[in-house]
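# Overview (structure and organization)
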Amino acid sequence: MVYKKKVFKAAVLIKKNTIKILDLVKPNLKPFQVFVKIKYSSICHTQLQEIQGDRGIDKFLPHCLGHEAIGEVKETHKSVKKIKVGDKVCLSWIKNDGNDAGGSTYSDINGLKINAGPVHTLNEYAVISENRIYKLKNNKNLKSKLLLGCAMSTAYNTLHDEFNSNFTKTIVIIGCGGLGLSCVVMAKLKKFTKIIAIDKFKKKQEIARELGATDTFSSIEKLKQKFDIVLECTGDIEVLKSSFKFTKEFGGKIVLIGNYPKGQKLNLDPWNVIKGITLKGAWLDNNPFNKKFIELEKLIENKKFNSFFGQNIYNLKNINTALNDFRQGRTVRPLIIT
Ligand SMILES: [Zn+2]
C-alpha cells in the first residue's frame, strides 16, 4: 500500500559548506526500494568531509546526506521481500544482503532535482535501497543502536579477527571520536585487559575511561613502549606515520580505519614493513554484514552509549549547530531527532 506522506523535510547539501532544509516530494518506489520514517540520525566525519569538499569533486550536488539512522519502514516496493511495513530498522552504508536499488532522485516542491545515495539519513523520510537496511531484533535502546549504522559496526568488524586471537590482550586505540570510542567498547567486550586510548581532548579521554579504557594519553608520542595492535582511528596521516614508532617489529599490526581526506598520500619507509609490521585495513571481505550485525546487536543489547551523544539533542532545523558542535569536539556523535 502506498504510504500517505507526500512531502517531507531533508537537509540537502546545495554546494560546498551550504546546507539547506528543503521540502522534498516522495517519489514512486522503484524495485528494491523502501520508504522509511527516520527517527534518529547522526553525523560522522564522512559527512563533514563531504560538506567541506574534502572528498574530491562532488558531481552529485545538490544531494542528501548521512549514512546512519534508526527508522521504521512505511512502504516497500513489491519486489522487497526481506523487510515489511512496521519493521524497526537500522540504516547503514555497510552492505547487507538483499538487492542494490542504487541511489534515489527527489525533487523539492519547487521542482529542483536532488540526488541521494542508496542510503541517506538526514531526512524526515527517505527512500533507501533494501541492501542498506538491517531489521532490528527488538526496540531496546534504539538511540544506542543508531551507532550500528557506522561506528560500532566498523569497530566490531575491525576487532572481529583479533577477538579469537591469543596473540595479545593489549590494544592501542588512537583517536576517541565515535569510531575510536566504539573500538574501546568492543575491546572491553572482548576482554582486552589493557586498552590504551589516545585523544587530544580531555573530555574524550574521560569518556574513553568510562567505556573501559585502562590508560589514556593526549598524544601517541607519550607512549613509552611498542605494542602488538594499534588501531588508527584519527584519519590524520601524520599520526599514522608516528604509529609505526609504537608498533612492535616482528609481528605488530596497525589497522587503518580512520577516514583520510581524499588525495592524501602516505610516504612510508619500506623498512617499517620489512621489519615485520603489518599495515592492514579492516574490511577484509565484501560479504553481506548481516551475520555480524545480528551478533553485534545482541552484544550491545543492554548497553547505553549516552556519553557519545552528550547533553544536546538536535533536529534537522539546527543541523548547522550540530555540525559546528561536532567539529569543535563538543559532541562525539550529534544525536539528530527527525
Ligand atoms: Zn560514518
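Below: a short report on this structure. (Residues numbered from 1 in each chain as written. Predicted model: local features only at pLDDT ≥ 70, side-chain atom pairs only at ≥ 80, totals over all residues. Heavy atoms only, no water.)

## Some thoughts on the overall build of the chain
Assigned secondary structure in the chain consists of 10 helices and 18 strands. The globule rule puts the C-alpha radius of gyration for 338 residues at 20 Å, and the 20 Å found for the chain is close to it. Taking the principal axes of the C-alpha coordinates as reference, the chain spans close to 60 × 40 × 40 Å. By the burial criterion, 53% of the 338 residues in the chain qualify as buried. Pairs at least 24 apart in sequence give 72% of the contacts found in the chain among residues at least 6 apart. Counting every atom, the chain has about 15600 Å² of accessible surface; 51% of that belongs to carbon and sulfur. Positive and negative charge centroids in the chain, built from 57 and 31 side chains respectively, lie 4 Å apart. (Helix = DSSP H or I, 4+ residues; strand = E, 2+ residues; numbered from the N terminus. Rg over C-alpha atoms; globule rule 2.2 N^0.38 Å. Buried < 20%, exposed > 50% of the residue type's maximum accessible area, 1.4 Å probe, protein only. Contact = heavy atoms within 4.5 Å. Areas by Shrake-Rupley, 256 points an atom, 1.4 Å probe, with all protein chains shown as cover. Lys, Arg positive; Asp, Glu negative; His and termini not counted. Charge placed at Lys NZ, Arg CZ, Asp CG, Glu CD.)

## As for the pattern of salt bridges
Taken as a whole and assessed by the stated rule, the structure comprises 21 salt bridges. Here Glu75 ties to Lys26 by a salt bridge, and the two come within 2.9 Å at their closest N and O atoms. Placement of Glu75 in strand 5 (residues 68-76) and of Lys26 in the loop between strand 2 (18-25) and strand 3 (33-41) is noted, with a sequence separation of 49 residues between them. Residue Glu238 pairs with Lys241 through a salt bridge whose shortest N-O separation is 3.5 Å. Taken together, the residues Glu238 and Lys241, both in helix 6 (residues 237-243) and 3 residues apart, mark about one turn of the helix. For Glu238, a relative accessible area of 47% gives the class partly exposed. By sharing partners, the salt bridges in this structure join Glu72, Lys74 and Lys88 into a single network. (Salt bridge = Lys/Arg side-chain N within 4 Å of Asp/Glu carboxyl O.)

## Concerning a nonpolar patch on the surface
A contiguous nonpolar surface patch, about 220 Å² in accessible area, is contributed by Val7, Val25 and Ile109. Tracing the chain through its elements places Ile109 in the loop between strand 7 (104-108) and strand 8 (113-116). (Patch = residues over 30% accessible without salt bridge, like charges linked within 9 Å, V, L, I, M, F, W, Y side chains within 5 Å.)

## Things to note about the pairing of strand 8
Each regular strand carries side chains that alternate between the two faces of the sheet. Pairing of strand 7 with strand 8, which is carried by 4 bridges, proceeds in the antiparallel orientation. Across the sheet, Ser107 pairs through a bridge with Lys113, a residue of strand 8. (Pairing = 2+ DSSP bridges.)

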